[in-house]
Amino acid sequence: MHLCQPSPQRTPVLFQAGASARGQQFAARHAECVFISGPTPTVLRRYADGIRQASEAAGRGRDEVLIYAQALLIVAPTKEEAEARFAEYRRYVDLDAALALLSGWTGIDFAGLDPDAPIEYVENDAGRAALAAFTAADPNRRWTVREAAEFVGLGGRGPVLIGAASEVADQLESWLDQTGIDGFNLTYAVQPDDLANVVELLVPELQRRGRYPSDYAEGTLRHKLFGQGDRLPEQHAGRQVDIQRSNTGYSNI
């Protein structure tokens, strides 16, 4: 017996992070939303296509999984102000700390490598998508150890988009069109300044373009995202567990 009333959704919206082959297979069966990250549109397109193909193979529609990519947005009233803010942020990036971060993600000790040597893909049990993002996922881009460390030192593995509101909006639209993702999972360099500028400067521009909602439908987060009610769809793997529990005398979760 529950001690409190369950949410109208029963099962919370199911988010998954990761775009390795195993991660895509897991997402295809279980996820409703997926977080991915990659430094180029080619990388994100490959991950997004893989997730949607896996979703179809699992008997679900290509659009039953929403895909959000990491991005850092540096927005200011003018392009010059945004670029000055970006330059100031980069002054505080520590290359050794960025290498440690990259090493933790990939399972490779980059500290002992030549900073100007190209990064090669090595199969291991660490974050495979993290390493692939700078190697196999985009055959047209070769990253050195130094370039990758400088890149992740500020924005993580996602792009850093810089400019006035209209310029950043252009860049976001371009990434959406090139990659086939559904939206962005925003990070920040300085909190709350970066996100406050997004809200105050960028969101009105995106709303003007019809790219960002001005209001939301009533109901739960799941209904707002998919417009198909509060509960998991009956064909979803998580809903099947509920049905099985109900048939064996357990109450639904």
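Whatever comes next refers back to the structure up there.
Residues numbered from 1 in each chain as written. Predicted model: local features only at pLDDT ≥ 70, side-chain atom pairs only at ≥ 80, totals over all residues. Heavy atoms only, no water.

Participant: Any details on the environment of Phe184? Residues and values, ideally.
Facilitator: Along the polypeptide, Phe184 turns up in strand 5 (residues 183–187). A C-alpha to C-alpha distance of 9.2 Å links Phe184 and Ile36, two positions 148 residues apart in sequence. (Helix = DSSP H or I, 4+ residues; strand = E, 2+ residues; numbered from the N terminus.)

Participant: Tell me what's going on with unusual backbone geometry, and back it up with residues and numbers.
Facilitator: With an omega of 10°, the peptide bond running from Gln191 to Pro192 counts as cis. Even without a glycine there, the phi angle at Arg10 is positive, about 60°. Inspection of the secondary structure puts Arg10 in the segment before strand 1 (15–17). Residue Arg10 is classed as partly exposed on the basis of its relative accessible area, which comes to 29%. (Buried < 20%, exposed > 50% of the residue type's maximum accessible area, 1.4 Å probe, protein only.)

Participant: Explain the packing of aromatic side chains to me, using residue names and the numbers behind them.
Facilitator: A complete count under the given rule lists four aromatic pairs for this structure. Taking the centre distance of 5.4 Å and the plane angle of 35° together, the rings of Phe15 and Phe35 count as tilted. Here Phe35 lies in strand 2 (residues 33–36) and Phe15 lies in strand 1, a separation of 20 residues in the sequence. On the basis of relative accessible area, Phe15 is assigned to the partly exposed category, the value being 40%. We classify Phe35 as partly exposed; its relative accessible area is 29%. Their ring planes at 75° and their centres at 5.3 Å tell us that Trp143 and Phe151 sit as a pair that is edge-to-face. You'll find Trp143 and Phe151 in the same group, each marked buried. Through pairs of rings, three or more aromatic residues link up here, namely Phe134, Trp143 and Phe151. When the ring centre of Trp105 is taken as origin, the NZ or CZ atom of Arg157, which lies over that ring, is 5.0 Å away. (Phe/Tyr/Trp six-rings, centres within 6.5 Å; stacked < 30°, edge-to-face > 60°. Lys NZ or Arg CZ within 6 Å of the ring centre and 35° of its normal.)

Participant: Can you explain the pairing of strand 2? Please cite residues and give values.
Facilitator: When strand 1 meets strand 2, the two strands line up parallel, connected through three bridges. The partner of Ala17 across the bridge, within strand 2, is Phe35. Between the parallel elements strand 1 and strand 2, the chain passes through helix 1 (residues 21–30) in a crossover that is right-handed. Across four bridges, strand 2 lies against strand 3 (residues 66–75) in parallel orientation. Directly across from Cys33, in strand 3, lies its bridge partner Leu66. Each parallel crossover has a hand, and for strand 2 linked through helix 2 (residues 41–57) to strand 3 it is right-handed. (Pairing = 2+ DSSP bridges. Right-handed = clockwise from strand over helix to strand, strands pointing away.)

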